Amino acid sequence: MATRVDTIEPIPVPEPERPPTRRVPPQEWARENLFSTWWNSLLTVVFGAALAWALYKVTRFVFFDAQWQIVERNLRNFVVFHFPRGETWRVWAALFVVAGAVGLGAGAAATRREIEVEEGRAPAGGGRFLLVRRAVPLVLLVAVLLAFARSLEATLLVLAAAAVWLVFRLAGRRVPARHARWVAAIVFAALVAAYLTITAFGGVPWDRWGGLLLTVFLAVGGIALSFPLGVLLALGRRSTLPVVRWVCIVYIELIRGVPLITVLFMAAFALGFFLPATWDKPGLITRALVAFVAFTAAYVAEVVRGGLQSVPPGQIEAAQAVGLSPLRTTRLIVLPQALRAVIPGLVGQFISLFKDTSLVFIIGLTEILAVAEIATKQPDFLGQGLIVETLLFVSFIYWAGSYWMSRESQRLEARLGVGYR
Amino acid sequence: MTEATLTADATAARGTGEPMIVMEGVDKWFGDFQALKGVDLVVGKQEVVVVCGPSGSGKSTLIRCINRLEKHDKGRIVVDGIDLSDDVRNIQEIRREVGIVFQQFNLFPHMTVLENITLAPRHVRRWPKAKAREKAMELLERVQIPEQAGKYPGQLSGGQQQRVAIARALAMEPKIMLFDEPTSALDPEMIKEVLDAMVDLAESGMTMIVVTHEMGFARAVCDRIVFMADGEIVEVGPPEHFFENPQEERTKQFLSQIL
């Protein structure tokens, strides 16, 4: 018998189905993941025991056995080394300027992002406490430094710097998106101002810097200079002019064929031969910076070249077809796409540079690793095997910096990847 | 060879009768492979020409030579009175006059739709931001996606992307539009929206050369069809002629395969 539809009823819309969620109780999770076979159970027990033992040893050393006085009493050496005591205020002042500038930039960036999310161009991501989570490595670092300093003055100054950051961030939030370029200029000017605060007007030239200040200076200066140089080298390597191309290829391949230590030694002891005799010999730190920039630029160039190759030829054709000049095509179309494709590689290179600054101790500079070594030779600590403490402390500083950079790069990637989805 | 088939209306352009694009004896080699063999073609002002033919026959190469995305090796190309030579200024001048739409859209993925369209007017024609923006919105209205202005290309469907690409090319106010298989990369349900935009353009009097296999479009809109094979123009004629009464064996064979 045929069925007849007498009345037109709305077809019931089925509830949208959701992927099945599985809540697994802990015992079951453990059975599935840790004790599924006798072999896995064995591995779990063995590695679990090893892990627990290592954790116990480290915790015990860090909190009970370690002689942290060596770090406490040398904290100033670790941070600025032989920086004149009377001029320490300059470092604090510079810190305040940097805090303000970074706050302003971060605030303006947050506003811009908010607009993008509102207009549906970017996913609302991040979640709660993003700001806090992003800062974890740095906050941890500052907390450890302050714990060793045990100084009310330093703590208050750090809190004041944090307050300056917050105030400028709130100010930055109110900057309209169309003025983003001005904010970038102000931030850059402020960084220069921070540098001048330390060096100018009877200050301390960078050749007398040491400790963490020197490490950060070499890393930031090295990154800021090697990045543009590396991009130029990468572009030069793809140039249609044979002379430019060959100069770039020879430079890149020469530098990449030589260990960093060799480049450092060359800069420290042989740079004089390459400069006109009438020039003043640049200071040791300048020469170290030149070495880092020259070395890192060659690697950055190769990373960027990979990015340039990943830009489809159709992009360049489209830019040419609407009449863009080759220079504009590179600047507006090719480079933005190439660079975002190689963010992980670039940041990896910069993290390497940050850690490689420790090598300058072999040419006689005193950054944090050198301080770690020197401190153990002081009369009070000589022959007590305290290098473990100082090395652990320095390692922690390197880790905090590297991990922070790595996380920021992941964030940047996620943020810039929007257009591709 | 070609002379036999270059009938009277092959070289005499239609449209308003004034020649817009003149190609004389154009050769193009890719290494040892000859992609174009002595191509002669005149396209008149406001004429719409469809180029079709089997793959590898040189259709894309033909139109890419017109705005120097490919450099022809021999022969002469004149676009709106400008001789296409190696002079960079000449090339830039021609590229301002000629818009092109690609099979793969080639939108700039790191820019919003609006930025894609305003980029060239602002940097090449040096328009102020407001004017470029106004023009862009007008063009987006014309291709019927003004609401997508703030999005990135990756957030649009293929058909929408191709319409943005058309708007981007039109933003430079070109006198000639080239289309390189504009619907071949699209899902079937999106082809019509792109063809509609192209029909609208043709009706507004734009000079167009369209490489396509959309024979419906050819029949309805174009003034002449150019059939190419192995780098040569085999047959040229108005669509009714071309479909009802093809002269050449290769044309008949091609039509029997696609219709």
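Moving on, we come to the overall build of chain B. If you tally the helices and strands in chain B, you get 11 helices and 10 strands. A compact globule built from 259 residues would reach a C-alpha radius of gyration of about 18 Å, and chain B, at 18 Å, matches this within 12%. In terms of overall dimensions, chain B has a C-alpha envelope of 55 × 45 × 40 Å along the principal axes. Sequence separation of at least 24 residues holds for 66% of the intrachain contacts in chain B that already meet a minimum separation of 6. The positive charge centre, built from 30 side chains, and the negative charge centre, built from 39, are 7 Å apart in chain B.

So, about the overall build of chain A. The secondary structure content of chain A amounts to 16 helices and 0 strands. Radius of gyration (C-alpha) of chain A: 27 Å, far over the 22 Å computed for a compact globule of 421 residues. Projected onto its principal axes, the C-alpha coordinates of chain A cover approximately 105 × 65 × 50 Å. Evaluated residue by residue, chain A yields a buried proportion of 37% over its 421 residues. Considering only intrachain contacts with a sequence separation of at least 6, the fraction spanning at least 24 residues in chain A is 79%.

The next thing to look at is the pattern of salt bridges. Side chains that carry opposite charge are capable of pairing whenever their charged atoms lie near each other. All names here are of chain B. This model, assessed by the stated rule, comprises 21 salt bridges over all chains. With its nearest N and O atoms 3.5 Å apart, the salt bridge here joins K45 to E18. Here K45, found in the loop between strand 2 (33–44) and strand 3 (48–52), pairs with E18, found in the loop between helix 2 (8–11) and strand 1 (19–30); they are 27 residues apart in sequence, far enough to count as distant. Here K45 falls in the partly exposed class, since its relative accessible area comes to 27%.

Take the packing of helix 8 (residues 211–237) of chain A against helix 13 (residues 326–341) of chain A next. Residue and element names in this part refer to chain A. Two elements in contact, helix 8 and helix 13, have axes separated by 13 Å at closest approach and are oriented at 110 degrees. Taken together, the axis directions place helix 8 and helix 13 in an arrangement best described as roughly perpendicular. Between helix 8 and helix 13, the contacting residues are F227, V231 and L235 on the first element and T330, L335 and L339 on the second. Taken together, the residues that form the contact of helix 8 with helix 13 break down as 5 nonpolar, 1 polar and no charged.

For the rest of this paragraph, the subject is the interface of chain A and chain B. Taken together, the contacts link 25 residues of chain A with 27 residues of chain B. With both chains or domains summed, chain A and chain B bury close to 2,200 Å², and 57% of this area falls on carbon and sulfur atoms. Applying the counting criterion to the chain A and chain B interface returns 1 salt bridge. Across the pair E317(A) and R64(B) runs a salt bridge whose closest N-O atoms are separated by 2.6 Å. Here chain A and chain B share 7 residue pairs in polar contact (both at pLDDT 80 or more) between them. Listing elements by their share of the side of chain A that touches chain B, those giving two or more residues are helix 12 (313–321) and helix 13 of chain A. Tallied by class, residues from the side of chain A that touches chain B come to 10 nonpolar, 8 polar and 7 charged.

All names here are of chain B. If you trace the 4 strands from one edge of the open sheet to the other, you get 2-1-4-5, paired in antiparallel fashion. A strand with exactly one partner marks an edge of an open sheet, and here the two such strands are strand 2 and strand 5 (82–83). Sitting on the sheet, helix 3 (residues 59–66) is in contact with strand 1, strand 2 and strand 4 (74–79), with an inclination near 60 degrees to strand 2.

Residue and element names in this part refer to chain B. Compared with the 22 Å implied by 1.5 Å per residue over 16 residues, the 24 Å span of helix 8 (residues 188–203) between its first and last C-alpha is a close match. The elements touched by buried residues of helix 8 are strand 3, helix 6 (129–142), helix 7 (158–170), strand 7 (176–180), strand 8 (207–211) and helix 9 (215–221). Phi turns positive, to about 95 degrees, at G205, one or two residues after helix 8.

A separate point is the packing of aromatic side chains. Residues and elements named next belong to chain A. With the rule as written, the count across this model stands at 15 aromatic pairs over all chains. Relative to W39, the ring of W38 has its centre 6.1 Å away and its plane inclined at 70 degrees; by these criteria the two rings are edge-to-face. Overall, the relative accessible area of 45% leaves W39 in the partly exposed class. Arranged with centres 5.4 Å apart and planes meeting at 90 degrees, the rings of F148 and F393 form a pair that is edge-to-face. Taken together, the residues F148 in helix 5 (residues 130–149) and F393 in helix 16 (residues 387–416) connect sequence positions 245 residues apart. Looking at F148, the relative accessible area reads 14%, which means it is buried.

With that settled, the discussion passes to the sheet that holds strand 3 of chain B. Residues and elements named next belong to chain B. Taking strand neighbours across the sheet as the criterion, the 6 strands line up as 6-7-8-3-9-10 in an open arrangement whose pairing is mixed. Two strands bound the open sheet, and with one partner strand each, they are strand 6 (98–101) and strand 10 (232–237). Looking at each pair of strands side by side, their axes are set apart by 20 degrees on average, direction ignored. In this structure, strand 7 lies alongside strand 8, joined through 5 bridges in parallel fashion.

All right, on to the packing of helix 5 (residues 113–123) of chain B against helix 7 of chain B then. Residues and elements named next belong to chain B. Closest axis-to-axis distance for the helix 5/helix 7 pair is 8 Å, and the angle between their directions is 25 degrees. As judged from the angle between their axes, helix 5 and helix 7 are roughly parallel. Every pair of crossing elements has a handedness; the one defined by helix 5 and helix 7 is right-handed. Where helix 5 approaches helix 7, its residues V113, N116 and I117 are matched on the opposing element by V164, A167 and R168. Broken down by class, the residue content of the contact of helix 5 with helix 7 amounts to 4 nonpolar, 1 polar and 1 charged.

For the rest of this paragraph, the subject is the environment of G53(B). Residues and elements named next belong to chain B. The topology assignment puts G53 in the loop between strand 3 and helix 3. Looking at G53, the relative accessible area reads 0%, which means it is buried. A C-alpha to C-alpha distance of 27 Å links G53 and L107, two positions 54 residues apart in sequence. What G53 contacts, discounting residues up to four positions off in sequence, is K59, H213, F227, M228 and F254.

What counts, and at which threshold
- Residues numbered from 1 in each chain as written.
- Chains lettered and ligands numbered in written order.
- Predicted model: local features only at pLDDT ≥ 70, side-chain atom pairs only at ≥ 80, totals over all residues.
- Heavy atoms only, no water.
- Helix = DSSP H or I, 4+ residues; strand = E, 2+ residues; numbered from the N terminus.
- Rg over C-alpha atoms; globule rule 2.2 N^0.38 Å.
- Contact = heavy atoms within 4.5 Å.
- Lys, Arg positive; Asp, Glu negative; His and termini not counted.
- Charge placed at Lys NZ, Arg CZ, Asp CG, Glu CD.
- Buried < 20%, exposed > 50% of the residue type's maximum accessible area, 1.4 Å probe, protein only.
- Salt bridge = Lys/Arg side-chain N within 4 Å of Asp/Glu carboxyl O.
- Axes fitted to C-alpha atoms, helices over the stretch in contact; angles between N-to-C directions.
- Parallel < 35°, antiparallel > 145°, perpendicular 65-115°, else oblique.
- Nonpolar A, V, L, I, M, F, W, Y, C, P; charged D, E, K, R; others polar.
- Buried area = accessible area lost by both parts, 1.4 Å probe.
- Polar contact = N/O pair within 3.5 Å; in protein donor to acceptor, adjacent residues only side chain to side chain.
- Pairing = 2+ DSSP bridges.
- Expected span 1.5 Å × (residues − 1).
- Phe/Tyr/Trp six-rings, centres within 6.5 Å; stacked < 30°, edge-to-face > 60°.
- Left-handed = near helix turned anticlockwise from the far one by under 90°.

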